[in-house]
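# Observations on chain architecture
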Amino acid sequence: MISFAGYDDVIQRVYKYKQEHVFQYWDQLIDSEKKALLDELGIIDFDLLEKIFKLKENSVPEDFSPAPYIKLPEDERDPEFMKARDLGVQFIKEGKVAAFLVAGGQGSRLGFKGPKGKFPVGPVSGKTLFHFHAEKIRASEIKYGVKIPFLIMTSRDNHEETVDFFRENHFFGLTPALVHIFPQNMIPSLDLDGKLILSDKSTIFMNPDGHGGSLSALRSSGALKLLEDMGIEVISYFQVDNPLVKIIDPIFIGFHILNKADVSSKALMKAYHEEKTGVFVRFKNGKLGIIEYSDMPQEKIFAKDSEGGILYCAANPAIHLFDIKFVDKITGSSNVNLPYHVAKKKIEAFKDGQQCEITGLKFEKFVFDAIPMAEKTVILETKREEEFAPVKNASGADSVHTAQAMMNALFRRWLSNRGVKIPDVVDVIEISPFFALQESDIPEGTIVPAQEKVYLE
Ligand code: UTP
């Protein structure tokens, strides 16, 4: 057994759980590397790893039906929607809403080096995802005459770069003291035999613990306490890769308040049966939740409603509101752990003295697993073309190209619906959040210049 002063406990634990292969390069390490390795091993919950290794497959409740949701009205001036909007506006103006961006993912499908939030998406401006999100929040602050705290969850791998980016860009006009950037927890990946993986001679390979780690990270980072002290009641959760997301949406917030919901979620109508998105369901115990596409039985994927439409039609664009008391409850004394999901993934490992790619198991929590823990949940329909353009892949579907095309189309629609003429020569239009956050913000008398690329700011 190896030895290192002050680390007997850690070393014994590693041997007890039969993970001593992590010391195979011990003799080649200098003292600071040995200490770093032991520090890393010291915070690993080996019991938990043993338990989740046995998961192998995700367990999914079998008995569920489609979830009820609030449908979009035919007429925008629908009294229920107007009431929700007024209430939401009032609530935002009272300073009770914070924005929460989860940006700790590895963005492996996009293949972009660095935090995904630094990826340029503006079809004309070339603005990054972070820039878009921050400007929407700043524009909402101006519109509603209020300060809006902005929380950003990063991971160990992209934290410093994210903080630096916001600093270099002067927080995009937001109040620096109200922008809280904190890293999420990491969890070791395992090889197919349940062994820890080395990423170099002295480092354990870990991955961020999934967007579901965001709720506990809110507490452990101190952000939750800070929000409570500021009188925040609702946290608006969104993901980094969606430039169309309405971060501060009065109608959504209004329905959440009206229904005294713990969690509210937006839903998109599934485009076709085999579309690979999670769907909202109601479990046997009456609680609502989401089932991932890969966990849906075939017959349910193709199930039809009485009119021949898609039965499980409400898909998840990952836009949620969390009541702060609910987050406090499930992460606090009655700490309810969200389950881990396991996925086989390619991992860059250090094995047999060299870098190589192996297949391993990554464990992640999903934020939507908090939904069934809620007493009350509201699901509100939203339009894909208005609010969901994820940048997941380098090309093809859900790429920057599809997102930019959707932005261009949306901004054109806003202008046309407001009676603004768009000259034929115009190829691409981008509207800055400061110019308009939504269609009704487009000022009277807006003129679109006759040029190929137009940026309204
Ligand atoms: P994705 O599921 O798209 O994962 O994350 P990803 O890591 O960004 O991309 P791939 O799968 O490697 O290509 C959806 C959202 O959840 C955040 C991401 O940053 C993104 O906003 N996320 C994901 C976290 O914050 N932490 C995680 O551990 C995982």
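The structure we're discussing is the one just above.
Notes on the structure in this doc start here. (Residues numbered from 1 in each chain as written. Predicted model: local features only at pLDDT ≥ 70, side-chain atom pairs only at ≥ 80, totals over all residues. Heavy atoms only, no water.)

### Focus: empty space enclosed by the protein
Considering all chains together, one arrives at one cavity of 30 Å³ or more under this definition. Within this model, the largest cavity holds a volume of roughly 30 Å³. If you trace the largest cavity, you find it lined by F238, Q239, D241, N242, V245, P317, A318, I319 and F388. A breakdown of the residues in the lining of the largest cavity according to their chemical character gives six nonpolar, two polar and one charged. (1 Å grid on protein atoms, 1.4 Å probe; cavity = no way out; pocket = protein on both sides within 12 Å on 5 of 7 lines; lining within 4 Å. Points joined across faces, edges and corners; volume = space filled by probe spheres on them. Nonpolar A, V, L, I, M, F, W, Y, C, P; charged D, E, K, R; others polar.)

### Remarks on the layout of surface pockets
Take a probe with the size of a water molecule and roll it over the atoms, and the empty space left behind shows itself. Considering only enclosed or pocket space, the second largest pocket measures out at about 1,100 Å³ in volume. Lining the second largest pocket are 44 residues, and of these E76, K246, E386, Q438 and E439 lie nearest its centre. When residues of the lining of the second largest pocket are traced back to their parent elements, those giving at least two are α4 (79-93), α5 (129-144), α9 (250-258), β18 (377-381), α12 (384-387) and α13 (400-417). Residues of the lining of the second largest pocket, tallied by class, amount to 21 nonpolar, six polar and 17 charged. (Helix = DSSP H or I, 4+ residues; strand = E, 2+ residues; numbered from the N terminus.)

### A look at helix α11 (residues 324-331)
Burial in α11 covers these residues: I324, F326, V327, I330 and T331. On an axial view of α11, the arc spanned by its buried residues comes to 160°, and they lie on one face. The secondary structure elements touched by the buried residues of α11 are α7 (213-220), α8 (223-230), β10 (234-239), β11 (263-269) and β15 (320-323). The backbone nitrogen of K325 lies 3.0 Å from a side-chain oxygen of the residue at the head of α11, namely D323. (Buried < 20%, exposed > 50% of the residue type's maximum accessible area, 1.4 Å probe, protein only. Arc of directions from axis to C-beta. Contact = heavy atoms within 4.5 Å. Polar contact = N/O pair within 3.5 Å; in protein donor to acceptor, adjacent residues only side chain to side chain.)

### Some details on the packing of α4 against α9
One can describe the packing of α4 onto α9 by two numbers: an axis separation of 6 Å at closest approach and a directional angle of 95°. By the criterion of interaxial angle, the relationship of α4 to α9 is roughly perpendicular. Of α9, the residues touching α4 (which contributes E80, F81, K83, A84, R85, L87, G88, V89, F91 and I92) are P250, I251, I253, G254, F255, I257 and L258. Of the residues assigned to the contact of α4 with α9, the class counts are twelve nonpolar, two polar and three charged. (Axes fitted to C-alpha atoms, helices over the stretch in contact; angles between N-to-C directions. Parallel < 35°, antiparallel > 145°, perpendicular 65-115°, else oblique.)

### Details of the sheet that holds strand β16 (residues 340-351)
The three strands lie next to each other as β6-β17-β16, forming an open sheet whose pairing is antiparallel. Edge positions in the sheet fall to β6 (190-191) and β16, since each has one partner strand and no second. Pairing analysis gives two bridges linking β6 to strand β17 (residues 354-365), with the strands arranged antiparallel. Along β17, the bridge assignment pairs D191 with G360. (Pairing = 2+ DSSP bridges.)

### Structural notes on the site of the ligand
Near the ligand you find 19 residues, and of these V102, Q106, S108, Q184 and K392 are the closest. In the model, an oxygen atom of the ligand is placed 2.8 Å from a nitrogen or oxygen of the G104 main chain. Residue classes in the shell around the ligand are distributed as five nonpolar, nine polar and five charged. (Near = heavy atom within 4 Å.)

### Considerations on the pattern of salt bridges
Per the counting criterion, the structure on display carries 17 salt bridges. Residue K225 is joined to D229 by a salt bridge in which the shortest nitrogen-to-oxygen separation is 2.8 Å. You can see K225 and its partner D229 sitting in helix α8, four residues apart, about one turn around the helix. Of the charged contacts, one joins K266 and E387 as a salt bridge, the two residues approaching to 2.8 Å between their closest N and O atoms. (Salt bridge = Lys/Arg side-chain N within 4 Å of Asp/Glu carboxyl O.)

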